[in-house]
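Coordinates in review
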Amino acid sequence: MNSRIKTLRQNSLDAIPCISEERAMLLTEFYQKDIDNDASIPVKRARALSYILNNKKIYIGKDELIVGERGPEPKATPTFPEICVHTREDLQILNDREKVSFKVSDKTKKVLTTEVAQHWAGRSMRERIFEEMSPEWKDCYSAGIFTEFLEQRAPGHTVLDDKIYRMGMLDFKNKIRGSIEKLDLINDPEANNKKEELMAMDIVADALISFALRHADALAVLADKETDDKKKAELLEMEKNCRHIPANPPENFWQALQYYWFVHLAVITELNPWDSFNPGRLDQHLFPFFQSEMGAGDGGRGTRDRGRGTGDEGQGQGAGGRERAKELLQAFWIKFNNHPAPPKVGITAKESNTYTDFSLINTGGVKADGSDAVNELSFLILDVIEEMRLVQPGSMLQVSKKNPDAFIDRALKIIKTGFGQPSIFNTDAIIEEMLRQGKDLVDARNGGASGCVETGAFGKEAYILTGYFNLPKVLEITLNNGIDPRSGKKIGPETGNPENFESIEGVFKAFNIQLQHFIDIKIRGNNIIEELYAKHLPVPFLTLITDDCIEKGKDYNAGGARYNTNYIQGVGIGSITDMISAISHHVFDQKTVSFAKLMDAVKVDFKEDEELRKRLWTETPKYGNDDDYADNLMQRVFEMYYDAVNGRPNMKGGHYRINMLPTTCHVYFGSITGATTDGRHAGKPLSEGISPMQGADYKGPTAVLKSASKMDHLRTGGTLLNQKFTPSFLEDEKGITALRQLIRSYFRLDGHHIQFNVIDADTLRKAKNNPEEYRDLIVRVAGYSDYFVDLTEELQDEIIRRTEHTGLEG
Amino acid sequence: MHAYIFNIQRFSIHDGPGIRTTVFFQGCPLQCVWCHNAEGIPQFLESSEGDKIPAGIKIYSIDELLEEVLKDRVFFDESGGGVSFSGGEPLMQTEFLLEILKKLRELNIHTTVDTSGYAPTGIFKEVVALTDLVLFDLKIIDNKKHNLYTGTDNSLIHANLDHLAKSKIPFRIRIPLVNEMTADDENLISIAVMLKGKGDVDIDLLSYHALGFEKQQKTDFISSNTKLTAPGKERIEEIRDLFRSYDFNVNIGG
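These lines cover the structure that appears in this document, whether it is placed above or below. Bear in mind that the values here come from a model prediction, so they are computed numbers and not experimental data.

**Looking at the pattern of salt bridges**
- Counted according to the given criterion, the structure contains 68 salt bridges over all chains.
- With its nearest N and O atoms 2.8 Å apart, the salt bridge here joins lysine 522 of chain A to glutamate 148 of chain A. Placement of the pair is lysine 522 of chain A in helix 21 (residues 504-536) and glutamate 148 of chain A in the loop between helix 7 (135-143) and helix 8 (169-181), with a sequence separation of 374 residues. In this structure, lysine 522 of chain A and glutamate 148 of chain A share a single accessibility class: buried.
- The partner of aspartate 114 of chain B in a salt bridge is arginine 174 of chain B, with the nearest N and O atoms 3.5 Å apart. You can see aspartate 114 of chain B sitting in strand 5 (residues 110-115) and its partner arginine 174 of chain B sitting in strand 7 (residues 171-177), a full 60 residues away along the chain. For the pair aspartate 114 of chain B and arginine 174 of chain B, one class covers both residues: buried.
- One continuous salt-bridge network, built from bridges that share partners, spans Asp626, Asp628, Asp631, Lys706 and Lys710 of chain A together with Arg10 and Asp72 of chain B.

What follows is the structure in structure tokens.
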């Protein structure tokens with residue numbers, strides 16, 4: 001990377017995350033000043049966003065190529081009081097906590113806890129939600145049966161398609177006008193609501209244009225003051241960019257990136273949707289601009305003479321164009337890193353304890369016509385990922401059977417540096433998953449995965465994650481006849497004393513009843529929360545850019561998207577399989593321990609029977625070893641979970657689906673789950689994603705992949721499999737090739753996703769003890785990468801423990 | 001028909017092409033001082049009822065072993081891999097080995113056999129005829145030293161290698177490098193001279209690793225007070241160049 005990018009990158013790494021009161025203040029000011037009390041909620045929300053974008057501080061960093069910040073400066077992170085009002089204690093915790101902290105100045109603390117808190121108290125979504133939830137729901141929530149995704153962050157979980165590269169905001173406005181004209185104000189009882197929603201969209205389209213123009217003005221001032229001719233020309237070019245887009249569609253690579261970035265900022269300023277936002281298939285969307293940049297049909301657009309040519313002479317336009325495209329992409333990458341996820345507290349912080357905000361750039365896959373989509377830009381993006389080594393944005397490789405091996409090998413050479421990115425996804429499986437959910441083939445091909453591993457039709461789908469679901473905890477409650485042993489409270493139905501179960505069938509039968517019970521409670525709560533968002537917190541900007549909201553005149557949060565999917569994410573499938581396997585094997589098959597004795601031992605965390613614990617831990621057929629005994633049990637749990645959730649209607653006209661991913665929730669869920677029948681001690685983390693329980697697999701990676709593939713991935717919306725390799729394994733080409741073949745084989749078996757941590761345990765231990773020396777060490781946690789030293793101690797320990805697979809020499 | 005097997009290693013990538021499953025047969029006629037699989041040396045071939053089989057050794061029928069190795073078939077197909085037989089000395093459990101090789105050939109699965117070459121020539125011929133790639137270990141040319149460090153005579157080994165070289169069955173020569181026993185110039189040049197004239201020979205140089213010695217001390221099957229060391233990186237490269245000067249294809253590691 002050149003010195004400019006190096007400096008920008010370092011500045012971004014050095015910036016300390018802090019809380020900014022700017023957005024909360026502007027929002028509060030707007031609602032206090034707003035005199036038009038008759039305006040509809042969507043229009044008010046639109047005006048509020050417009051007010052923020054028109055009044056927030058414009059930040060332009062020295063030497064930046066892509067401009068725009070959500071806060072007044074990099075990593076100055078706003079709060080969203082309409083969703084969550086932070087108390088003095090919350091802010092103190094954010095400031096003081098060791099990991100994922102945000103500095104909170106006294107001034108900020110004062111503003112947020114006085115003016116802001118006074119206005120929003122009783123009106124915030126978080127308060128509304130907890131007010132509306134039933135006592136049963138609250139019991140489950142505090143027991144750790146499930147988490148609630150939408151209590152501190154808004155629905156989002158979505159990705160942009162290619163539409164902004166074809167349409168400027170003026171085109172969107174035209175489309176809105178057309179839709180308003182078509183409204184049937186006589187016969188459609190919804191017509192007025194639709195009109196309000198469409199007007200709201202129109203307001204935010206204008207807001208984005210004026211936000212860009214404010215940047216243009218600031219750039220003009222800077223250009224005016226600049227004495228260096230080259231820099232002046234560059235600032236003027238940037239000014240020109242901000243005057244052209246977003247009003248009009250972009251004309252070159254630079255404008256395309258700048259346009260996306262403004263859109264991104266609007267989405268994450270309007271509300272704090274989960275997974276921030278995401279440009280998705282960047283190598284596809286930008287490819288036409290990239291080709292122009294490379295010299296083919298440049299057509300004198302005037303961007304070529306930026307005059308920073310250092311030794312471009314003799315390389316031809318192509319090489320210079322490539323370098324410039326790379327520099328712009330790198331500048332774009334840094335913008336993501338400037339934006340930590342909005343601050344989370346309480347259980348939400350536990351389930352997703354990271355600065356990462358899950359923007360996942362997709363590379364590769366297939367085109368709309370189904371052909372190989374890998375292009376030169378795909379490879380350039382991999383170069384950028386390798387050089388930037390930033391946790392944000394996340395990156396992934398879409399691998400179809402049609403994509404070339406060289407593409408995977410290139411990515412593996414990045415992965416082997418121990419950076420945890422990119423993760424690898426099976427495009428062909430993703431497409432089949434979407435077809436099964438009833439999506440159009442072309443929409444499926446144009447989609448991919450976002451967040452951690454979630455399958456989605458980009459630009460056309462609201463796929464909302466509603467909360468993690470603790471499968472082992474439900475079994476724990478089953479084995480305690482409906483009582484949560486941690487609290488002693490009865491929260492599930494009475495399904496029988498386990499001592500009376502005559503076979504493993506009894507366990508399954510009771511578990512299934514408990515499972516249905518808790519899923520029902522979760523969905524009943526979700527229905528209320530969905531309606532709260534639809535009513536109180538429409539998102540006209542996200543709506544504007546999601547198909548088919550303009551046509552329908554409906555908000556993203558109210559079912560405006562073409563596809564509307566809700567997820568409940570299953571956690572701990574490896575753990576629960578081992579728990580059931582231990583019961584089946586030791587109690588019913590071998591009869592070496594009675595159910596009563598086993599339960600007694602579990603109750604006291606094996607304090608009096610370490611011998612039994614060891615036996616359970618080491619002599620149980622466990623998931624992850626390609627052993628049908630355990631894997632068949634996994635399949636049965638999976639099928640029960642699938643049946644309990646899949647196909648149930650949500651409030652947006654779509655359906656519930658399942659996916660299997662944990663972020664960091666397996667650590668939290670483990671902490672509230674007692675000792676388990678597989679010999680796991682109380683409080684220890686559960687298995688993550690669909691990976692085997694840490695240390696349970698001992699037959700190598702092919703066995704893990706075989707076990708994992710016995711789950712029907714195609715009936716999920718994403719699964720997460722984590723594999724760890726030591727760097728020595730990947731030293732030579734043979735290791736790289738073997739790993740690629742491993743990936744191809746797993747995908748042949750319809751595996752959805754696999755990610756690799758390439759690191760040795762000693763390095764991790766050193767990093768844990770001397771965090772200062774390992775600031776740059778990035779590891780794959782679960783669906784995302786993070787700085788190792790930023791992880792909690794438990795999570796650090798867990799990553800150290802995860803089985804290291806090394807190829808043994810013959 | 002049963003076999004005594006002390007380990008099955010999936011995802012082996014150093015015992016032939018692609019991703020492989022390596023089956024380690026129990027029992028070896030050699031007792032190499034440097035053996036890194038020394039737990040595989042003792043034989044239980046004549047085991048009758050009541051004999052205690054040590055922990056770690058499993059008895060497999062043909063069908064059971066076939067089921068186990070076929071678990072990774074999708075990986076074999078994807079990578080051009082297959083099944084490797086090692087040990088111990090797989091040829092010592094002749095009938096079983098022949099049968100499983102036959103079955104795998106019927107299923108069109110690639111096989112390798114890693115052998116010391118110490119087996120009656122008739123058996124050796126039968127086995128290699130059913131094998132896709134033979135990994136032939138060559139250790140010490142001086143017969144006296146060979147006897148001293150491996151406990152066996154090497155003339156049978158050399159006769160079998162002659163046969164293999166003439167048979168047109170693909171093979172690779174594997175040379176374990178132990179400073180004190182095999183990695184001296186005299187022995188290496190003797191190997192090179194012997195291999196000259198055996199056509200296009202591929203050589204794998206396998207560096208002795210200390211892991212074997214630790215395991216060996218634990219198993220007690222071989223006693224040796226000699227401290228063994230592995231050649232350093234530069235020495236291995238020297239050795240590689242030595243063999244290259246004889247026009248062999250040389251690969252460091254398996």
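**A word on the packing of helix 2 (residues 22-33) of chain A against helix 5 (residues 106-120) of chain A**
All names here are of chain A.
- Their axes nearest at 10 Å, the elements helix 2 and helix 5 cross at an angle of 35°. Between helix 2 and helix 5 lies a crossing whose hand is left-handed. Contact residues: Ala24, Met25, Leu27, Thr28, Tyr31 and Gln32 in helix 2; Val111, Leu112, Glu115, Val116, His119 and Trp120 in helix 5.
- Partitioned by chemical class, the residues of the contact of helix 2 with helix 5 number 8 nonpolar, 3 polar and 1 charged.

**Thoughts on the side chain of glutamate 64 of chain A**
Residue and element names in this part refer to chain A.
- For glutamate 64, the position within the fold is in the loop between helix 3 (41-55) and strand 2 (76-78).
- Classification of glutamate 64 as buried rests on a relative accessible area of 8%.
- Not counting residues up to four positions away in its chain, the partners in contact with glutamate 64 are Arg4, Leu8, Tyr59, Glu69, Met238, Lys335 and Asn338.

**Examining the nonpolar core**
- Ranked by internal contacts, the top residues of the largest apolar core, which has 218 residues, are Leu329, Phe469, Phe541 and Leu544 of chain A.
- With sequence-adjacent residues up to four places away left out, leucine 544 of chain A is seen in contact with Met169, Phe172, Ile176, Met201, Val204, Ala205 and Ile550 of chain A.
- Phe85, Leu104, Leu130 and Leu188 of chain B belong to the second-largest nonpolar core, a separate cluster that totals 54 residues.

**As for the sheet that holds strand 11 (residues 563-571) of chain A**
Residues and elements named next belong to chain A.
- Read across the open sheet, the 3 strands follow the order 8-11-12; overall the sheet is parallel. The open sheet has two edge strands with one neighbour each: strand 8 (461-470) and strand 12 (655-659). The sheet shows a mean angle of 30° between the axes of neighbouring strands, taken without regard to direction.
- Relative to strand 11, strand 8 is paired through 8 bridges, and the arrangement is parallel. Residue pairing across strands places isoleucine 464 opposite asparagine 566, the latter belonging to strand 11.
- Helix 20 (residues 471-479) contacts strand 8 and strand 11 of the sheet and is inclined by roughly 40° relative to strand 8.

**With respect to the packing of aromatic side chains**
Residues and elements named next belong to chain A.
- Overall, the coordinates contain 34 aromatic pairs over all chains when judged by the stated rule.
- Taking 6.3 Å as the distance between ring centres and 55° as the angle between the ring planes, the aromatic pair formed by phenylalanine 253 and phenylalanine 290 counts as tilted. Of this pair, phenylalanine 253 sits in helix 11 (residues 253-270) while phenylalanine 290 is found in helix 13 (residues 287-293), placing the two residues 37 residues apart along the sequence. The two residues phenylalanine 253 and phenylalanine 290 agree in class, both being buried.
- With 5.8 Å between their ring centres and 70° between their planes, phenylalanine 379 and phenylalanine 407 make a pair best called edge-to-face. Highlighted residues: phenylalanine 379 in helix 16 (residues 376-388) and phenylalanine 407 in helix 17 (residues 405-419), separated in sequence by 28 residues.
- Take phenylalanine 407: its relative accessible area is 0%, and that puts it in the buried class.
- Joined through ring pairs, the aromatic side chains of Tyr260, Trp261, Phe277, Phe332, Trp333 and Phe336 make up one cluster.
- Cation over ring: arginine 153 sits above tryptophan 274, and NZ or CZ is 4.7 Å from the ring centre.
- Across from the ring centre of tryptophan 617, 3.8 Å away, lies the NZ or CZ of lysine 622, which sits over that ring.

Cut-offs and rules
Positions within a chain are numbered from 1, following the residues in the order the chain's sequence is written. Think of it this way: whatever chain is written first is A, whatever ligand is written first is 1, and the rest follow in order. Note on the predicted model: pLDDT of at least 70 is required for a residue's local features to be given, and 80 or more for side-chain atom pairs to be given and counted; whole-chain, interface and lining totals, by contrast, use all residues. Side-chain measures were taken over the full set of non-hydrogen atoms in the model, leaving aside hydrogen atoms and water. By definition here, a salt bridge exists when the distance from a side-chain nitrogen of Lys or Arg to a carboxyl oxygen of Asp or Glu is within 4 Å. Helix and strand definitions here come from DSSP, where helices need a minimum of 4 consecutive H or I residues and strands a minimum of 2 consecutive E residues; each element is numbered from the N-terminal end. The cut-offs for exposure are 20% and 50% of the maximum accessible area for each residue type, with area from a 1.4 Å probe on protein chains only; residues under the lower value are buried, those over the upper are exposed, and the others partly exposed. Every axis corresponds to a line fitted to the C-alpha atoms, with the helix fit spanning only the stretch in contact, and the corresponding angles, defined between N-to-C directions, vary from 0 to 180 degrees. Each helix crossing is assigned a hand: it is left-handed if the near helix lies turned anticlockwise from the far helix by less than a right angle, otherwise right-handed if that turn is clockwise. The contact rule is simple, with two residues in contact once any of their heavy atoms fall within 4.5 Å. In the scheme used here, Gly and all other residues not listed as nonpolar or charged are polar, with Ala, Val, Leu, Ile, Met, Phe, Trp, Tyr, Cys and Pro taken as nonpolar and Asp, Glu, Lys and Arg as charged. The definition of a nonpolar core used throughout is a set of buried Ala, Val, Leu, Ile, Met, Phe, Trp, Tyr and Cys residues joined through side-chain atoms within 4.5 Å. When DSSP finds at least two bridges between two strands, those strands are taken to pair. Classification of ring pairs uses Phe, Tyr and Trp, with its six-membered ring standing for Trp, and accepts pairs whose centres are within 6.5 Å; under 30 degrees between planes counts as stacked, over 60 as edge-to-face, and the remaining range as tilted. The criterion is that NZ of a Lys, or CZ of an Arg, lies within 6 Å of the ring centre and within 35 degrees of the ring normal, and then a charge sits over that ring.

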